[in-house]
Amino acid sequence: MRDQFPFAVARVTRRWRKMLDERLKDLGVTQARWSTMVYLQQGGEGLTQRELASLMAIENPTLVRLLDSLEQQGLIERRPCPNDRRARRLHLTDAGRAFMDDLSERAAKLREEMLEGISDEDIEGALKVFQKIMENAEKQK
């Protein structure tokens, strides 16, 4: 079972992401774009590009391309940072907030479908396992 565990987690993750991508296709965003929006919303609006890149664990040049496309779609805006003239703070636009409301609704529906028949206790146990794996991974740094 231990040999199969990481592959099972990866399969579930890929499948879940693919199903969410399918449900978001009509919104015209890729997984990279919508996940950037999720990180921005969860990290708190007003993050700098560098802070968001760190939160997402990606390189700044990769993020810049994603932000450029999101800005062209009218979903985010870059505002000057009052403390650092070189930095820009990232904010969702009204269209970006509406997009996130729609995404959240669709994601919640998928989550309920995917977790159907699984008890809260089982989910809590799985989350504890994932937390322990993350703690063990942090020790490896």
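Please read these numbers as outputs of a predicted model, since none were measured by experiment.

1. Quick word on the overall build of the chain
- From N to C terminus, the chain includes six helices and three strands.
- Across the chain, helices and strands are ordered from the amino to the carboxyl terminus as α-α-β-α-α-β-β-α-α.
- Each principal axis of the C-alpha distribution contributes one length, and for the chain these read about 55 × 40 × 25 Å.
- Expressed as a percentage of its 141 residues, the buried residues of the chain come to 26%.
- Contacts spanning at least 24 positions in sequence make up 52% of the contacts within the chain whose residues lie at least 6 apart.
- Roughly 10,100 Å² of accessible area belongs to the chain as shown, and the carbon and sulfur atoms make up 52% of that amount.

2. Observations regarding the packing of helix α2 (residues 31–43) against helix α4 (residues 60–72)
- Taken N-terminus to C-terminus, the directions of α2 and α4 make an angle of 90°; their axes are 10 Å apart at the nearest point. Classified by the angle their axes make, α2 and α4 are roughly perpendicular. Note on element contacts: α4 touches α2 through Leu63, Leu66, Leu67, Ser69 and Leu70, opposite Ala32, Arg33, Thr36 and Met37.
- Residue classes in the contact of α2 with α4 are distributed as six nonpolar, two polar and one charged.

3. Things to note about the UniProt feature "domain: HTH marR-type" (unreviewed entry) in the chain
- UniProt's feature table lists "domain: HTH marR-type" (unreviewed entry) at residues 2–135, given in the numbering used throughout.
- Annotated as 68% helix and 9% strand, the span residues 2–135 places its first and last C-alpha atoms 17 Å apart.

4. Some points on the sheet that holds strand β1 (residues 47–48)
- In spatial order, the strands read β1-β3-β2; together these three strands make up an open sheet with antiparallel pairing. Whereas interior strands pair on both sides, the edge strands pair on one side only; in this sheet they are β1 and β2 (76–80).
- As judged from the two bridges shared by β1 and strand β3 (residues 88–92), these two strands associate in the antiparallel manner. Paired with Leu47 across the strands is Leu90, a residue of β3.

5. Focus: the packing of aromatic side chains
- Applying the stated rule across the entire model yields one aromatic pair.
- With centroids separated by 6.4 Å and ring planes inclined at 45°, the aromatic side chains of Phe5 and Phe130 adopt a geometry described as tilted. Of this pair, Phe5 sits in helix α1 (residues 5–24) while Phe130 sits in helix α6 (residues 120–139); the two residues are 125 residues apart in sequence, bridging distant segments of the chain.
- Given a relative accessible area of 35%, Phe5 falls into the partly exposed group.
- Given a relative accessible area of 37%, Phe130 falls into the partly exposed group.

6. Examining unusual backbone geometry
- Positive phi is not limited to glycine here, since Ala57 has a value of about 60°.
- Considering the arrangement of structural elements, one finds Ala57 in the loop between α3 (49–56) and α4.

7. Here we look at the packing of α2 against α3
- One way to put it is that α2 packs onto α3 with a least axis distance of 10 Å and a crossing angle of 110°. For the element pair α2 / α3, the angle class is roughly perpendicular. Across the interface between the two elements, Thr36, Tyr39, Leu40 and Gly43 from α2 touch Leu52, Leu55 and Met56 from α3.
- Residues of the contact of α2 with α3, tallied by class, amount to five nonpolar, two polar and no charged.

Procedures and definitions
- Residues numbered from 1 in each chain as written.
- Predicted model: local features only at pLDDT ≥ 70, side-chain atom pairs only at ≥ 80, totals over all residues.
- Heavy atoms only, no water.
- Helix = DSSP H or I, 4+ residues; strand = E, 2+ residues; numbered from the N terminus.
- Buried < 20%, exposed > 50% of the residue type's maximum accessible area, 1.4 Å probe, protein only.
- Contact = heavy atoms within 4.5 Å.
- Areas by Shrake-Rupley, 256 points an atom, 1.4 Å probe, with all protein chains shown as cover.
- Axes fitted to C-alpha atoms, helices over the stretch in contact; angles between N-to-C directions.
- Parallel < 35°, antiparallel > 145°, perpendicular 65-115°, else oblique.
- Nonpolar A, V, L, I, M, F, W, Y, C, P; charged D, E, K, R; others polar.
- UniProt positions renumbered as here; feature names shortened; annotations may be inferred.
- Pairing = 2+ DSSP bridges.
- Phe/Tyr/Trp six-rings, centres within 6.5 Å; stacked < 30°, edge-to-face > 60°.

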